Amino acid sequence: RAGEPEVEVFSVPSYACQRRTSLENHNAPLTDALSLLAENAELNDEEGRGVAFRRAAALLKTLPSAVMSASQLRGLPCLGEHSLRVRPLTSSRSQLVLTGIFGVGAKTADRWIREGIHDLHQLRASGQVLNRAQRAGLQHYADINQPVTRAEADAIEAIVEKAVSSVLRGAQIVLTGGFRRGKPSGHDVDFLITHPEEGREEGLMPKVKTTRNSYLESKDGPGRPPSNMDRFERCLSIFKLPGAAETPQRAWRAVRVDLVVSPISQFAFALLGWTGSKVSFRPDLRCYRSSDGSPVRQSLMFDFCAASEEEIFAHLGLEFVPPSERNA
Ligand code: CTP
Ligand code: MN
Ligand code: MN
Ligand code: MN
């Protein structure tokens, strides 16, 4: 109609792995709101709604400009589904605080809330039996909930690299996760470790853990055989980073560090998996893999060999998306 400004109607492929999503987000107010809704839904065990909100946020992040009117979104996947109808937020501040403790998931937080524990103070006073990881998580709560900078990640990389090569010469270590996607900060630092000779990486993790003097506490992943993207030996830990404390009287700060070890034959899959993004890019790879858009079984996900991320994308019939464009 005359007088109305022309608006671009966006057109976007269905799956995040078919899209390029850089860190430049033109719709941050909308995606922030959707992420909060997703977090709340997940804390309330409403997985389906959580996924729907995350998919909607991922889609808005990929748009080339800010949304000015709903008509621009007509026909886009993931938006306007009934599942997106906004219900009142029911998750509490207590859930967010308690699940912010390393080693505490939604179930534990809910149980504590039912027992009248709503904050760290009450938890400390309650006499609840905590496991080692949770004790460390509680002790270093403030440090761990403070974002990690790229400079801190680089400092930790140097320390971990030294520890790893001291127990296994020739071992290689790569920074993965959000930092590999170019994020300037993160909630943790993720590393993938391998060795160019197949099998030499076996038994590396326990050795690294005992060698590393800056290691504090860990919550180990399940010791399943390394057969696909999710099943690598891993160690989710708290790391003591020297000389990085805000306050001068402290000589170190605690930082969450995730270590994953993969054999060289699986390295490309491990790299792709641990680069993420976890919320959208990676799950969408699985959905894209099946013809009907439902997630495929992990065991069927990567039933082929690949020496590089490029080869994986090519095998799946996808255009290569560099890490910096996987920020969905
Ligand atoms: N990951 C995983 N299993 C876990 C935790 C993480 O496979 N239990 C993988 C995810 O697939 C993700 C990658 O590790 O792709 C990084 O996850 P995470 O550190 O949680 O997120 P980042 O993208 O690195 O974001 P942040 O900067 O906040 O850490
Ligand atoms: Mn742009
Ligand atoms: Mn991370
Ligand atoms: Mn991580």
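The structure this text deals with has already been given above.
This section reports on the structure supplied with the text.

Rules and cut-offs
Residues numbered from 1 in each chain as written. Chains lettered and ligands numbered in written order. Predicted model: local features only at pLDDT ≥ 70, side-chain atom pairs only at ≥ 80, totals over all residues. Heavy atoms only, no water. Helix = DSSP H or I, 4+ residues; strand = E, 2+ residues; numbered from the N terminus. Buried < 20%, exposed > 50% of the residue type's maximum accessible area, 1.4 Å probe, protein only. Contact = heavy atoms within 4.5 Å. Areas by Shrake-Rupley, 256 points an atom, 1.4 Å probe, with all protein chains shown as cover. Near = heavy atom within 4 Å. Polar contact = N/O pair within 3.5 Å; in protein donor to acceptor, adjacent residues only side chain to side chain. Nonpolar A, V, L, I, M, F, W, Y, C, P; charged D, E, K, R; others polar. Domains from an automatic or database assignment. Donors = N, O, S within 2.8 Å, 3.2 Å for Na, K, Ca; no water. Phe/Tyr/Trp six-rings, centres within 6.5 Å; stacked < 30°, edge-to-face > 60°. Lys NZ or Arg CZ within 6 Å of the ring centre and 35° of its normal.

Description of the overall build of the chain
Line of reasoning, step 1. Along the chain, the regular secondary structure elements total 14 helices and 7 strands.
Line of reasoning, step 2. Buried residues in the chain amount to 47% of all 328 residues.
Line of reasoning, step 3. Partitioning the intrachain contacts of the chain with sequence separation of at least 6 by distance along the chain shows that 65% fall at a separation of at least 24.
Line of reasoning, step 4. Of the roughly 16600 Å² of accessible surface on the chain, 52% is carried by carbon and sulfur atoms.

Description of the site of ligand 1
Line of reasoning, step 1. Around ligand 1 sit 16 residues, and of these G178, H187, D188, K278 and R282 come closest.
Line of reasoning, step 2. G178 is positioned such that a nitrogen or oxygen atom in its backbone is 2.8 Å from an oxygen atom of ligand 1.
Line of reasoning, step 3. Interatomic distance of 2.7 Å between a side-chain N/O atom of H187 and an oxygen atom of ligand 1.
Line of reasoning, step 4. In isolation ligand 1 offers 580 Å² of accessible surface; the protein chains occlude 85% of this area.
Line of reasoning, step 5. Mapped by element, the contributors of at least two residues to the shell around ligand 1 are helix 9 (177-180) and helix 11 (267-275).
Line of reasoning, step 6. With 3 residues, the top contributor of residues to the shell around ligand 1 is helix 11.
Line of reasoning, step 7. By residue class, the composition of the shell around ligand 1 is 1 nonpolar, 7 polar and 8 charged.
Line of reasoning, step 8. In this structure, the shell around ligand 1 is formed jointly by two domains, domain 3 (149-273) and domain 4 (276-325), each of which donates at least three residues.

Some points on the coordination of the manganese ion (ligand 4)
Each pair of donors in an ideal octahedron of six around a metal sits at 90 or 180 degrees, and each pair in an ideal tetrahedron of four sits at 109.5 degrees.
Line of reasoning, step 1. Every protein donor of the manganese ion (ligand 4) is listed here as D188 (OD), D190 (OD) and D258 (OD), and their distances to the metal cover 2.1 to 2.2 Å.
Line of reasoning, step 2. Sequence spacing of the donors to the manganese ion (ligand 4): D-x1-D-x67-D.

What about the packing of aromatic side chains?
Line of reasoning, step 1. Under the criterion given, the structure shown has 6 aromatic pairs.
Line of reasoning, step 2. Ring geometry for Y15 against Y288: centres 6.0 Å apart, planes inclined by 80 degrees, an arrangement best described as edge-to-face. Of this pair, Y15 sits in the segment before helix 1 (28-43) while Y288 is found in helix 12 (residues 281-289), placing the two residues 273 residues apart along the sequence.
Line of reasoning, step 3. Pairing F313 with F320 gives two aromatic rings, centres 5.1 Å apart and planes at 80 degrees, and the pair type is edge-to-face.
Line of reasoning, step 4. Residue F320 is classed as partly exposed on the basis of its relative accessible area, which comes to 27%.
Line of reasoning, step 5. Among the aromatic residues, ring-to-ring pairing joins F269, F302 and F304 into one connected group.
Line of reasoning, step 6. The ring centre of W252 lies 5.0 Å from the NZ or CZ of K240, which sits over that ring.
Line of reasoning, step 7. One Lys or Arg, R250, reaches over the ring of W252 and ends 5.7 Å from the middle of that ring.

Remarks on unusual backbone geometry
Line of reasoning, step 1. A cis amide bond, omega 5 degrees, links G276 with the succeeding residue S277.
Line of reasoning, step 2. Mapped onto the secondary structure, S277 falls in the loop between helix 11 and helix 12.
Line of reasoning, step 3. Unusually for a residue other than glycine, D45 sits at a positive phi of about 60 degrees.
Line of reasoning, step 4. You can see D45 is positioned in the loop between helix 1 and helix 2 (47-61).
Line of reasoning, step 5. Classification of D45 as exposed rests on a relative accessible area of 53%.

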